[in-house]
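If you want the building blocks of each chain, they are given just below.
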Amino acid sequence: MKYIAGIDLGGTNIKTVIVNTDFKVVVSKSVPTPFQRPKEETFSVINHHVENLLQEGSIERKDLLGIGFGIPGLTDSRTNVAYNIPFLGWTNTNMAEPIRQYFGVPVFAENDGNVNALGEMHFGAGRGFEDILLITLGTGLGCGIITGGKLLHGASRVAAEAGHMVIEAGGDQCVCGKRGCFESCCSGTALTRYARRFAIEFSETSLMKETNGNLFAITGEMIQRGYDDGDLVCRKVIEVFSEKLSVGLVNLIDLFNPGIVIISGGVARLGDRVLTPTRRLVEASLMHPVQKCDIVQGQLDSNAGVMGACSLVAEGLNIPIK
Ligand SMILES: [Zn+2]
C-alpha cells in the first residue's frame, strides 16, 4: 500500500493526515504552530510532525508518494512560492523545497482557501458539483472558487481573495489596511467584535455574566448558547453577521454563478442559526431565480484542508480519486 500526506498550516495548529491511495485516513494529528520562529525551525517542526505520523501509522518512508500543503496566504501553486503569510511575517518563501529535501518526494503547495474547496469538492459537500464557491469563516475569511471542475487561479495565481473585496465602504478596519473588507465584516473575529459592541450598548446580556465583564473573552460558543436561550444581543449579533455574509455571497454569486455555496470553518458550526437568515437574504437579492443555489455547511469540518491537500498530490501524480 502507498500513502499520501496532507498538511494544513493554520494560525494555531499545523494539522496533518496520512491517507492511503483510497483516500481513507490512516493517521491524523495536530501540533501547535511555532509562533514567529525562524523559517528553518518551523520547517523542522513540520518535517518531524510528518515523520512522527509516519511512525505512528507504521508507514515506511519509501511508501510515501507525495505531500500536499495548504498555505494561509497568497501562494503560487506552480512554483510553490508563498508571497505572504501574514501571521508568520513571511514573504516570498518556497514552501515545498525544505519538505521535499527532507522526505525526497514531490510536495505541492496551494492557498488554504483553494485547498479547502478541493477537499469539499472531492470528499464533502461539493461532490457532484463542478462550480463551487467555498467560504471559510475562521479567524479570517478564506475563499476558493472552482469553475468547470478547476480552481480559479488567475494570471499570477493569486485569485479568489474574496476576503479583501470591500462590501461596506468605511466599515471596520481590516488587517490588509482597507476598511469594510468581507473578512473584516464576516469572520470569527468580526463575530466576537459585534458581540462586544452590542454588549456594551445593552449590558443585560448573558455575555456579560459568562465573561465576568471581560468582553474580550467572548467566544463563538457563548454567542451560540445565548442565541439558543433567546439572548437579544446574541440574536442581534447573528442577524447583523448574516446580513453582511449575504452581501458578500450575493456579489460572488453574481460573478461566478456557483452550483453550490459551501460555508466552512469555525463560524460554520453555528449552522442554520446563520445559514437560514443568510439563505433568505441571498435569495431576496438575486436578479433571477436561475442564479439560485444551495448554501450549505461544509461536511468535512476541520478536515477539509488536509483532505484537499492530499488531493493536490492526487492531481499532481495522476492518482485517481474514486
Ligand atoms: Zn482586507
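Residues numbered from 1 in each chain as written. Predicted model: local features only at pLDDT ≥ 70, side-chain atom pairs only at ≥ 80, totals over all residues. Heavy atoms only, no water.

Colleague: Could you clarify how one ought to interpret the coordination of the zinc ion in this entry?
Modeller: By definition of the ideal shapes, a tetrahedral metal site with four donors has angles of 109.5 degrees and an octahedral site with six donors has angles of 90 or 180 degrees. Here the zinc ion is held by the protein donor atoms H164 (ND1), C174 (SG), C176 (SG) and C181 (SG), which lie 2.1 to 2.3 Å from it. Metal-centred angles of 103 to 125° between the 4 donor atoms at the zinc ion mark the site as tetrahedral. Positions of the donor residues of the zinc ion, expressed as sequence spacing, correspond to H-x9-C-x1-C-x4-C. We classify C181 as buried; its relative accessible area is 0%. (Donors = N, O, S within 2.8 Å, 3.2 Å for Na, K, Ca; no water. Tetrahedral: all angles 85-135°; square planar, octahedral: opposite > 155°, others 65-115°. Buried < 20%, exposed > 50% of the residue type's maximum accessible area, 1.4 Å probe, protein only.)

Colleague: Is there a simple way to think about the sheet that holds strand β10 (residues 141-147) in this case?
Modeller: By definition, the strands of a sheet pair up through backbone hydrogen bonds, in either a parallel or an antiparallel sense. Pairing is mixed in the open sheet, where 5 strands are placed in the order β11-β10-β9-β12-β13. In this open sheet, the two strands that pair with only one neighbour each are β11 (150-151) and β13 (294-297). Strand direction decides the pairing type here: β10 and β11, joined by 2 bridges, are antiparallel. Within β11, the position partnered with I146 by the bridge is L151. (Pairing = 2+ DSSP bridges. Helix = DSSP H or I, 4+ residues; strand = E, 2+ residues; numbered from the N terminus.)

Colleague: How should I be thinking about the pairing of β13 in this particular structure?
Modeller: As a general feature of sheets, a regular strand has side chains that alternate between the two faces. Note: strand β12 (residues 260-264) against β13, 4 bridges, orientation parallel. Each bridged residue has a counterpart across the sheet, and for I260 the counterpart in β13 is D294. Running through helix α9 (residues 272-285), the crossover from β12 to the neighbouring parallel element β13 is right-handed. (Right-handed = clockwise from strand over helix to strand, strands pointing away.)

Colleague: Explain the domain arrangement of the protein chain here, please?
Modeller: Accessible area lost when the parts come together is the quantity often used to give the size of an interface. According to the domain assignment, the protein chain contains domain 1 (3-118 + 302-316) and domain 2 (128-299). With 14 residues of domain 1 in contact, the opposing surface of domain 2 contributes 16 residues. Across the interface of domain 1 and domain 2, roughly 1,100 Å² is buried in total on both sides, 56% from carbon and sulfur atoms. Considering only the surface of domain 1 that becomes buried against domain 2, L74, N114 and A117 emerge as the three largest contributors, covering 37% of it. Inspection of the region where domain 1 meets domain 2 yields 1 salt bridge. The biggest single contributor to the side of domain 1 that touches domain 2 is helix α3 (residues 112-123), with 5 residues. Across the side of domain 1 that touches domain 2, the residue classes tally to 4 nonpolar, 7 polar and 3 charged. (Domains from an automatic or database assignment. Contact = heavy atoms within 4.5 Å. Buried area = accessible area lost by both parts, 1.4 Å probe. Salt bridge = Lys/Arg side-chain N within 4 Å of Asp/Glu carboxyl O. Nonpolar A, V, L, I, M, F, W, Y, C, P; charged D, E, K, R; others polar.)

Colleague: What's the story with the layout of surface pockets in this structure? I'm lost.
Modeller: Summary: where empty space remains is shown by rolling a probe the size of a single water molecule over the atoms. Volume-wise, the second largest pocket comes out at about 360 Å³. In terms of lining residues, the second largest pocket is bounded by 19 residues, among which L118, K150, L151, L312 and E315 are the most central. Counting residues per element, the lining of the second largest pocket draws most heavily on helix α10 (residues 304-316), which supplies 5 residues. Its residues placed into classes, the lining of the second largest pocket shows 9 nonpolar, 6 polar and 4 charged. Of the domains in this structure, domain 1 (3-118 + 302-316) and domain 2 (128-299) are the two that each give at least three residues to the lining of the second largest pocket. (1 Å grid on protein atoms, 1.4 Å probe; cavity = no way out; pocket = protein on both sides within 12 Å on 5 of 7 lines; lining within 4 Å. Points joined across faces, edges and corners; volume = space filled by probe spheres on them.)

Colleague: Explain empty space enclosed by the protein here, please?
Modeller: Counted under the stated rule, the structure contains 1 cavity of 30 Å³ or more. Size it by volume and the largest cavity reaches roughly 30 Å³. Residue lining of the largest cavity: L137, L245, I263, V267, A268, L270, G271, V274 and L275, and that is the complete set. Broken down by class, the residue content of the lining of the largest cavity amounts to 8 nonpolar, 1 polar and no charged.

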